[in-house]
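Results of the structural survey
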Amino acid sequence: MIDLINFKVWLTNNKDYSEKTVSNIVSRFKRVNSLLPWENNELYFFHLEQLEDFKDLSKSVCSQLKQAAKLYSEFILLSDEQNIRKENNKINALSLFANIGVAEAYLEDIGIDVVVANELEERRAILYQKIYPKSHMICGDITDKSIEDKIIKESKEKKVDLVMATPPCQGMSTAGYQKENDDRNRLICQVIDIVNRVEPKYVFIENVALFYNTAIIVNDEKILIPDLINKELGNQYKINKYTINTKDYSVPQTRERAIMLLTRKDIKTIWTLPQKDEKVVTMFDAIGDLPPLDPFVKDIDEEELIKLFPHYHERKEKALKISKWHTPPHHIKRQVVAMQHTATGKTAFDNEVYYPTKANGEAVKGYRNTYKRQNWDTPAYTVTMDNRKISSQNNVHPGKIESKNSNGENIYSDARTLTLYELMIIMSLPVDWNVPSNTSDAFLRRIIGEGIPPLFVKKVFEKLV
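**Some remarks on the overall build of the protein**
A count of helices and strands for the protein gives 16 helices and 13 strands. With respect to the principal axes defined by its C-alpha atoms, the protein has extents near 90 × 70 × 40 Å. A burial count over the protein gives 49% of its 465 residues as buried. By element, 48% of the accessible surface of the protein is carried by carbon and sulfur atoms, the whole surface being about 23800 Å². The averaged location of the 65 negative side-chain charges in the protein is 2 Å from the averaged location of its 65 positive side-chain charges.

**So, the side chain of Glu119**
Tracing the backbone through its elements, the reader meets Glu119 in strand 2 (residues 112-119). Here Glu119 is buried and forms no salt bridge, its nearest opposite-charge partner Arg124 lying at an N-O distance of 4.6 Å. Beyond its immediate chain neighbours, meaning those up to four positions away, Glu119 contacts Phe97, Ala98, Asn99, Arg124, Ala125, Met137, Ile138, Cys139 and Gly140.

**Considerations on the sheet that holds strand 1 (residues 91-96)**
Ordered by their spatial adjacency, seven strands build an open sheet running 3-2-1-4-5-9-8, and the pairing between neighbours is mixed. Looking at which strands have only one partner, the edges of the open sheet turn out to be strand 3 (136-139) and strand 8 (237-245). In this sheet, adjacent strand axes meet at a mean angle of 15° when their direction is disregarded. Sheet contacts for helix 7 (residues 145-157): strand 1, strand 2 and strand 3; angle to strand 3, the most-contacted strand, approximately 165°.

**Structural notes on the nonpolar core**
Within the largest apolar cluster, 61 residues are counted, with the highest numbers of intra-cluster contacts made by Leu162, Phe204, Trp271, Trp433, Phe456 and Phe461. With six residues, the single largest contributor to this core is helix 14 (residues 420-426). The residues contacting Trp433, other than those within four sequence positions of it, are Ile100, Gly101, Val102, Ala105, Ile131 and Tyr132. Judged by nonpolar contacts, the second largest core, of 36 residues, contains Ile142, Leu187, Val203 and Ala258.

**What about empty space enclosed by the protein?**
This structure, assessed with the given rule, holds one cavity of 30 Å³ or more. In this model, the largest cavity occupies a volume close to 50 Å³. Considering the residues around the largest cavity, the lining is formed by Gln374, Tyr381, Thr382, Val383, Thr384, Asn387, Asn394, Asn395, Leu418 and Leu423. Within the lining of the largest cavity, the residues separate by chemical class into four nonpolar, six polar and no charged.

**Some details on the pattern of salt bridges**
Where side chains of opposite charge bring their charged atoms close, a pairing between them can arise. Within this structure, the stated rule accounts for 29 salt bridges. Asp149 is paired through a salt bridge with Lys145; the nearest N and O atoms lie 2.8 Å apart. With a gap of four residues between them, Asp149 and Lys145 both fall in helix 7, about one helical turn apart. Using a relative accessible area of 24% as the deciding quantity, one classes Asp149 as partly exposed. What you see here is one network of salt bridges that share partners, running through Lys145, Glu148, Asp149, Asp193 and Arg197.

**Quick look at the pairing of strand 3**
Remark: a regular strand shows side chains that alternate across the two faces of the sheet. Here strand 2 runs beside strand 3; their pairing, made up of four bridges, is parallel. Note that in strand 3 the partner of Val116 across the bridge is His136. Of the crossover connections in this fold, the one passing from strand 2 over helix 6 (residues 122-131) to the parallel strand 3 is right-handed.

**Some details on the layout of surface pockets**
Roughly 580 Å³ of volume is contained in the second largest pocket. Residue lining of the second largest pocket: 31 residues in total, with Phe97, Arg124, Thr166, Pro167 and Pro168 positioned closest to the centre. Of all the secondary-structure elements, those providing two or more residues to the lining of the second largest pocket are strand 2, strand 5 (202-208) and helix 15 (441-450). Counting residues per element, the lining of the second largest pocket draws most heavily on helix 15, which supplies three residues. Along the lines of polarity and charge, the residues of the lining of the second largest pocket split into 12 nonpolar, nine polar and 10 charged.

**Focus on the environment of His47**
Following the sequence through the fold, His47 ends up in helix 3 (residues 44-50). For the pair formed by His47 and Tyr355, sequence separation is 308 residues and the distance between their alpha carbons is 81 Å.

**What about the packing of helix 1 (residues 4-14) against helix 2 (residues 19-35)?**
Viewed as axis vectors pointing N to C, helix 1 and helix 2 meet at an angle of 145°, and their least axial separation amounts to 10 Å. You can see that helix 1 and helix 2 cross each other, and the crossing is right-handed. Here helix 1 contributes Leu4, Phe7, Lys8, Leu11 and Thr12 to the contact with helix 2, which in turn contributes Val22, Ser23, Ile25, Val26, Phe29 and Lys30. Of the residues in the contact of helix 1 with helix 2, the class split is seven nonpolar, two polar and two charged.

**Section: helix 1**
Looking at helix 1, one finds that the buried residues are Phe7, Trp10 and Leu11. Considered in projection along helix 1, the buried side chains sweep an arc of 100° and stay on one side of the axis. Opposite the buried face of helix 1, at more than 90 degrees from it, the exposed residues are Ile5 and Asn13.

**Some thoughts on helix 2**
Over its 17 residues, helix 2 extends 25 Å from the first C-alpha to the last, a length consistent with the 24 Å expected when each residue adds 1.5 Å. Every buried residue of helix 2 is accounted for by Val22, Ile25, Val26, Phe29, Val32 and Asn33. Along helix 2, the residues classed as buried sweep out an arc of 115° about the axis, all on the same side. Turned more than 90 degrees from where helix 2 packs its buried face, Lys20 and Ser34 sit exposed.

**Some thoughts on the side chain of His397**
Looking at the secondary structure, you find His397 in the loop between helix 13 (333-340) and strand 12 (401-404). In this structure His397 comes out as buried when scored by relative accessible area, which is 4%. Among the polar contacts listed, one links the side chain of His397 to the backbone nitrogen of Gly399, at a separation of 2.8 Å.

Reading the values: rules and limits
Residues numbered from 1 in each chain as written. Predicted model: local features only at pLDDT ≥ 70, side-chain atom pairs only at ≥ 80, totals over all residues. Heavy atoms only, no water. Helix = DSSP H or I, 4+ residues; strand = E, 2+ residues; numbered from the N terminus. Buried < 20%, exposed > 50% of the residue type's maximum accessible area, 1.4 Å probe, protein only. Areas by Shrake-Rupley, 256 points an atom, 1.4 Å probe, with all protein chains shown as cover. Lys, Arg positive; Asp, Glu negative; His and termini not counted. Charge placed at Lys NZ, Arg CZ, Asp CG, Glu CD. Salt bridge = Lys/Arg side-chain N within 4 Å of Asp/Glu carboxyl O. Contact = heavy atoms within 4.5 Å. Pairing = 2+ DSSP bridges. Axes fitted to C-alpha atoms, helices over the stretch in contact; angles between N-to-C directions. Core = buried A, V, L, I, M, F, W, Y, C linked by side-chain atoms within 4.5 Å. 1 Å grid on protein atoms, 1.4 Å probe; cavity = no way out; pocket = protein on both sides within 12 Å on 5 of 7 lines; lining within 4 Å. Points joined across faces, edges and corners; volume = space filled by probe spheres on them. Nonpolar A, V, L, I, M, F, W, Y, C, P; charged D, E, K, R; others polar. Right-handed = clockwise from strand over helix to strand, strands pointing away. Left-handed = near helix turned anticlockwise from the far one by under 90°. Arc of directions from axis to C-beta. Expected span 1.5 Å × (residues − 1). Polar contact = N/O pair within 3.5 Å; in protein donor to acceptor, adjacent residues only side chain to side chain.

Written as structure tokens, this is what we have:
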């Protein structure tokens, strides 16, 4: 099968031709192919010149057709070489604490095959396997020796050269309780053991920034996690340690993370972070072109909903045409009304009249990063697991002035949290990510809030391939 679309793209990107010339070359090649179906062999042009229909053409036309066929041959040759290089450079990876594979969303595209994965929770493991059917998910507790041994055995059999580990961060996150001696903080010990036994060429460890300042008890001694990694792996690996913000890598979200890149010392090229991108992608860049979408107000009837949002059904229908995940979030009326009167980047706690209230009418007490709209001209705030509530931190859509009420007050659009589709964009997930359509919206929201933006992961891993 001839590939005219990518041939045209290749001509545009690699040859100094005008748009018209590119179109002419593609048309000429289609004509050649109609005379003699193209084959990638040395005798093709000889057989073409023997055709009576070809001989009947003028010399200039024959020359143009042969030139178009030669360009297509060049395109196919270079494409084959690129595919061979990609195949030869493929890296087999093990993903620990894989969740549903948010971090892995682009890895197959760049030649990294996650051949083995491990996740504790069955529900997540099952969904991971549906999204990544080529990978083998081992579901179970990594602290169970039989599970760890199974992971190691399969990783060796499948020649894993890269281990990626994203241990749970709730034990050290500012959004968690930060309990001293939280068992989840000790999971790094299993990572170290697996790395020592599998001996991969590269190791990727990711966590919250406080990862570097977190201590655990090992052999009755208190030790900082990075010091433990240096102690156990420093002889075999060159360890590069970073604190990054994903907004510096074209991700439209501020998310600070601790990143450790380990390279086995017999490997010549040391794994380092890529350069930061020059442009910062804002909320407006990411979702500013989406039309307004009203929330579903769950504590009023249909008549009152339409009175509050006359275009509710029309906007909902338009949103669903964009994505099955772009559905109106559900909220209660008193929160929605408060946000209708809250400007972009502001919190409803600044409202004198439309102040957040409880069901009994009492004023809500809360932090100023709650009941708050995001900004258009900056990246999004860090997406948390509790991202579907107006009353949780920095969750509300930036909105735009939509109208004025009878008192001359501005009414702002999108008085709601971000949709799952908008969250996917802000997390830099592919909009066509292979998630089953029957997956729970609430479940996906929580998972996304735990993940690391896959575009950042892609940029880091591209340094290897």
